[in-house]
Amino acid sequence: MKNEKTKNENEASGVKKQAEMKAEKGTEAKTEAKTETEKEKTETKPFEVDRRSVYKCVQCGTCRSVCPVFETVGWESANTRGRMLIIKSLLEGREPSEDVLPSLATCTTCGICAAKCPAGANPPEVVEEARSELVRLGITTEGQEKLRSTITISGNSFGESKDRLHWLPDSERSKLPEKSDYVYFVGCFDSYRYPEFAKKTFEVLQHFGVTLLPDEHCCASPLLRTGFRPDAEKIMEHNLEQIRKVGAHTIITGCAGCYTTLKNNYPGNLRVISVPEFLAEHLGDLKLKRLDLKVTYHDPCHLGRHNGVYDAPREVIESICELKEMKNIRENSRCCGGGGGVRIGYPDISIELAKKRLEDVPEGVDYIVTSCPLCVRNLRDGGGDIEVIDIIELVAMALE
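My aim in this report is to walk through the structure given alongside it, one point at a time. (Residues numbered from 1 in each chain as written. Predicted model: local features only at pLDDT ≥ 70, side-chain atom pairs only at ≥ 80, totals over all residues. Heavy atoms only, no water.)

## A word on the sheet that holds strand 8 (residues 388-390)
Right, on to step 1. Reading across the sheet, the 4 strands line up as 6-5-7-8 and stay open at both edges, with parallel pairing between neighbours. Since the sheet does not close on itself, it has two edges, and those belong to strand 6 (322-323) and strand 8, each with one partner.
Right, on to step 2. Sheet topology note: the strand 7 (residues 367-370)/strand 8 ladder contains 3 bridges and is parallel. Counterpart to Thr-370 in the pairing with strand 8 is Asp-390. (Pairing = 2+ DSSP bridges. Helix = DSSP H or I, 4+ residues; strand = E, 2+ residues; numbered from the N terminus.)

Set out below in structure tokens:
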């Protein structure tokens, strides 16, 4: 009996030891797995952008003579050549750090450097890619983070909580077609800062069967320009779902930033046109009266240099009144200073660029006309003595 008892105790002890060993191995395995996961999280890929685009830059300095930010601040690192050299050094092993931010974050992505580059480089594209890499590595400015938080939480770049279609009376909302081939993408600026632009634009467009998205969000341009690509993609997918619900194949927008984003960053099966292009296509239907006015036109960078829309706005203006061109126009047009996240990150530089652009305004004009609400805002803040208006306001005058 005693031997049997001892035998049972030994067996129980063996089972206990095996269980303990098994548990210990399980804990070790979990610890190893956890350590491996933490290792994966802490490991970072090296800084990487499209090297071919960077090495196209031959450091000739042509861009240095046209970069508006360099002209304003005078830093060597704040001209296009300086930025490309910094990005090249990051590719070749320089440690990415916050000291590169003042260089890359001050680029308005206006594109005049690309328009003038004899080697065919596209620095704004490279700068945007580099910003995305820095964001991935956790290197951002306070302004960038604030903008990201605002857009991802509220769905707009101003953090507004009110309905995006607050400018449209309830009686009109109930009449909106649920399905249409054409959608007017309003944008954050016209929705919340210039609702009168949105109202006047839609008053024209709805006569052509154009509808609105039931739940439009920011186009994601500010996120893309400042490097927050994953956040941008989520918002873009939301808008695409809205477009699919409506069944639209053509998107019309009055914002140059929305235009370039919808046209170049969203899927290619959408037709995207600007309000000036739509108006130019339908001049015969609008019955605009001639006005005794002289105006000048400012080419928005993302409508003009980035997408080649120069003729349509001029065609609309000249059907209404006399156009007197600025000193620098079309592909040579000076940036208003409002793009690329510079306005929120470096407002002083942004306003200086606007003031510089206002020096190009000819004498004897009644209005400065443009086709982008961001340009309207920045040029107005530049403090000139000539009123800045959106092209839809000029059209509304001619319709009245």
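## Section: the pairing of strand 7
Right, on to step 1. Side chains of strand 7 alternate between two faces, with Tyr-367 and Val-369 and Ile-368 and Thr-370 buried alike.
Right, on to step 2. Pairing analysis gives 4 bridges linking strand 5 (residues 294-298) to strand 7, with the strands arranged parallel. Its bridge partner being in strand 7, Val-295 is matched across the sheet by Tyr-367.
Right, on to step 3. Between strand 7 and its parallel partner strand 8, the chain crosses via helix 20 (residues 373-381), and the hand of that crossover is right-handed. (Buried < 20%, exposed > 50% of the residue type's maximum accessible area, 1.4 Å probe, protein only. Right-handed = clockwise from strand over helix to strand, strands pointing away.)

## Some thoughts on the sheet that holds strand 3 (residues 250-253)
Right, on to step 1. Strand order in the open sheet formed by 4 strands is 2-1-3-4, and the pairing between neighbours is parallel. Where the open sheet ends on each side, the last strands, each with one partner, are strand 2 (211-212) and strand 4 (271-274).
Right, on to step 2. Two strands pair when backbone bridges link them, and strand 3 and strand 4 are joined in this way by 4 bridges, in the parallel orientation. Within strand 4, the residue paired with Ile-251 across the bridge is Val-272.
Right, on to step 3. Across the face of the sheet, helix 11 (residues 195-205) comes into contact with strand 1 (182-185), strand 2 and strand 3 while running at roughly 165 degrees to strand 1. (Contact = heavy atoms within 4.5 Å. Axes fitted to C-alpha atoms, helices over the stretch in contact; angles between N-to-C directions.)

## Brief notes about the pattern of salt bridges
Two side chains with opposite charge may pair up if their charged atoms get near one another.
Right, on to step 1. Evaluation of the coordinates by the stated rule reveals 28 salt bridges.
Right, on to step 2. For the salt bridge of Asp-360 with Arg-334, the shortest nitrogen-to-oxygen distance reads 3.5 Å. Of this pair, Asp-360 sits in the loop between helix 19 (347-358) and strand 7 while Arg-334 sits in the loop between strand 6 and helix 18 (342-345), and the two are 26 residues apart along the sequence.
Right, on to step 3. The buried category is assigned to Asp-360, whose relative accessible area is 6%.
Right, on to step 4. Here Arg-380 and Glu-393 are joined by a salt bridge, their closest N and O atoms 3.9 Å apart. Taken as a pair, Arg-380 in helix 20 and Glu-393 in helix 21 (residues 391-399) lie far apart in primary sequence, 13 residues in all.
Right, on to step 5. A relative accessible area of 32% means that Arg-380 is categorised as partly exposed.
Right, on to step 6. The class for Glu-393 is buried, based on a relative accessible area of 12%.
Right, on to step 7. Beyond isolated ion pairs, a larger network of salt bridges with shared partners links Glu-71, Arg-334, Lys-356, Arg-357, Glu-359 and Asp-360. (Salt bridge = Lys/Arg side-chain N within 4 Å of Asp/Glu carboxyl O.)

## So, the packing of helix 4 (residues 80-91) against helix 7 (residues 123-136)
Right, on to step 1. Running from N to C, helix 4 and helix 7 point in directions that differ by 45 degrees, and their axes come no closer than 11 Å. One element, helix 4, and the other, helix 7, form an angle in the oblique class. The element helix 4 and its partner helix 7 pack so that their crossing is left-handed. Contacts between helix 4 and helix 7 involve Thr-80, Arg-83, Met-84 and Ile-87 on the former and, on the latter, Pro-123, Val-126, Val-127 and Ala-130.
Right, on to step 2. A class-by-class count of the residues in the contact of helix 4 with helix 7 yields 6 nonpolar, 1 polar and 1 charged. (Parallel < 35°, antiparallel > 145°, perpendicular 65-115°, else oblique. Left-handed = near helix turned anticlockwise from the far one by under 90°. Nonpolar A, V, L, I, M, F, W, Y, C, P; charged D, E, K, R; others polar.)

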